[in-house]
Amino acid sequence: MECEMKKIKFFIFISLISIGFCVINTYEDSYSIVNDLITEFESISMPAIDIQALLNEDEQNQGSGIPLRFGYAFDVNYGINNSGTWENFEDGSRLWKIGFKSEGAYGMKVLFDSYNLPQGALLYMYSSNFEMSRGPYTYEQNHEDGSFAIPLVKSDHIIIEYFQPAYITETPEININKVIHAYRDIHNYYDQRDDRNCGDNVACSNANDFEEQVNSVIYLEMYTSICSASLVNNTSEDLAPYVLTAWHCVEGDGSLGSHNNFTFYFNHQSSTCSGSNGNYSDDITGSTILSWGSMNTSDFALLEMDNAPGWWWTPQPYYAGWSRYTSSPTISTGIHHPSGEPKKINFDNDQAYSCSWYSASTHWCLSWDDGGTAPGSSGSPIFDNNKRIVGQLTGGSGECGTGTDYYGKISRSWNNGSSASSRLKDWLDPLNTNQYTLDGTYDGLEVVEGCT
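Keep in mind that this is a model prediction, so the values were computed, not measured. (Residues numbered from 1 in each chain as written. Predicted model: local features only at pLDDT ≥ 70, side-chain atom pairs only at ≥ 80, totals over all residues. Heavy atoms only, no water.)

To continue, consider the state of the cysteines. Per the stated rule, a full pass over the model turns up four disulfides. With its sulfur 1.8 Å from that of its partner, Cys198 forms a disulfide with Cys400. Residue Cys198 is found in the loop between strand 12 (173-182) and strand 13 (200-201), and its partner Cys400 is found in the loop between strand 26 (389-396) and strand 27 (405-409); the two are separated by 202 residues along the sequence. Accessibility expressed as a relative area gives 0% for Cys198, which makes it buried. Cys400 sits in the partly exposed class, given a relative accessible area of 22%. Across the disulfide, Cys204 is cross-linked to Cys273 (sulfur-sulfur distance 1.9 Å). With the S-S dihedral at roughly 90°, the linkage between Cys204 and Cys273 falls on the right-handed side. One end of the pair, Cys204, is in the loop between strand 13 and helix 4 (211-214); the other, Cys273, is in the loop between strand 17 (259-266) and strand 18 (282-293), with 69 residues separating them in the sequence. (Disulfide = S-S within 2.5 Å. Helix = DSSP H or I, 4+ residues; strand = E, 2+ residues; numbered from the N terminus. Buried < 20%, exposed > 50% of the residue type's maximum accessible area, 1.4 Å probe, protein only.)

Pasting the structure below:
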């Protein structure tokens, strides 16, 4: 008897059903703002920094395989046990606030080395003029290593606020170990971001044939620097939130196997071909580095985000396909975020050639027909003529199309070492299919229902 075939899509609604460390950032006003509670609190001023010296150092590092730095991190030790201001209310609820001011900052953010909130408590970070607020963060952000971070807020004076309802008797753990001053206007809050002509906006009509690939590319913000990255598919097609970038992007801000609080911005792109501002509302904080290969090899890092990106975001995130063939690929496009700008696209129609960064034959090299890369583009994917990723950007000999770009080979990263922590194959081919290519997907594996 012929079996009736019924195809269904396998969706992983991780963002709705997961428990634990869920950090899809939200932007609600804090408890005190909503309730118009204007009270005095301790606010701490950071020391002055030599911004010009930092910019000069950044200039010297361009093109050398060092990610674009935008922030300076102050080492601090401030928390509920040694600083800030508590306020007790008649109903038994409590409020704790602390402020940080760093003159001239385009934006600020904080990192916690101790974060453990009781269920029902709320934490926010917002600008002193109430222009921007992030939160609420809750017990769902508690992580076993106690770390946490809140992404950038537009201000040179930020406020951290913790609210505890009366019914909570548990003591929270809150301690801040780094305050970050953004000395570059990396989010273009004040129209001061560097303007680099490194490709067309992805809203331009010439990007229409690469819509899926565009929707896989991520603006990656580490603690004090930025890169580009891509969401990638694996052979089980289970929508595991794997992200491919360059090792040199994460080396200074995270270590192998450790949890980190990097922020992944999806859909940071202009809505018009000529626009200069993007979108920062579709973002996730938190990931673990699964595997890596140093700059002596193919300079890759594979990260797993704490949660899958929102399926309801527009455009919907795309899990890009890949190719691990060792023969020289014909290149179609590269998609990236130069200087943190809204997503750009480059074009080529030539074969890449095998080249070396430190070791022999670790990278694919090319010169773009149209467009180019710049600091901030590191880690971005390059696609072959079948629209599959074949490498990620390490660096280049020029800027914005003036030289040669070097992309670490997927084929070299595939079986780079003797364990899962040094290669891609264990993660991108968990079914051990030994296939050489995989197409991308929006919504996971097609399975057949009704047959045995």
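Additional details are given in the paragraphs that follow.
Our focus in this paragraph is the layout of surface pockets. Empty space among the atoms can be located by rolling a probe the size of a water molecule over them. Space inside the largest pocket adds up to approximately 270 Å³. Forming the walls of the largest pocket are 16 residues, and the residues nearest its centre are Ile66, Pro67, Leu68, Arg69 and Ser225. Broken down by secondary-structure element, the contributors of at least two residues to the lining of the largest pocket are helix 3 (51-61), strand 3 (68-69) and helix 5 (247-250). Here the lining of the largest pocket gets three residues from one element, more than from any other, and that element is helix 3. Empty space within the second largest pocket amounts to approximately 230 Å³. In this structure, the second largest pocket is lined by 16 residues; those nearest its centre are Leu111, Asn177, Lys178, Tyr223 and Asp253. At the level of secondary structure, the elements contributing two or more residues to the lining of the second largest pocket comprise strand 7 (107-116), strand 12 and strand 17. The class makeup of the residues in the lining of the second largest pocket is six nonpolar, six polar and four charged. (1 Å grid on protein atoms, 1.4 Å probe; cavity = no way out; pocket = protein on both sides within 12 Å on 5 of 7 lines; lining within 4 Å. Points joined across faces, edges and corners; volume = space filled by probe spheres on them. Nonpolar A, V, L, I, M, F, W, Y, C, P; charged D, E, K, R; others polar.)

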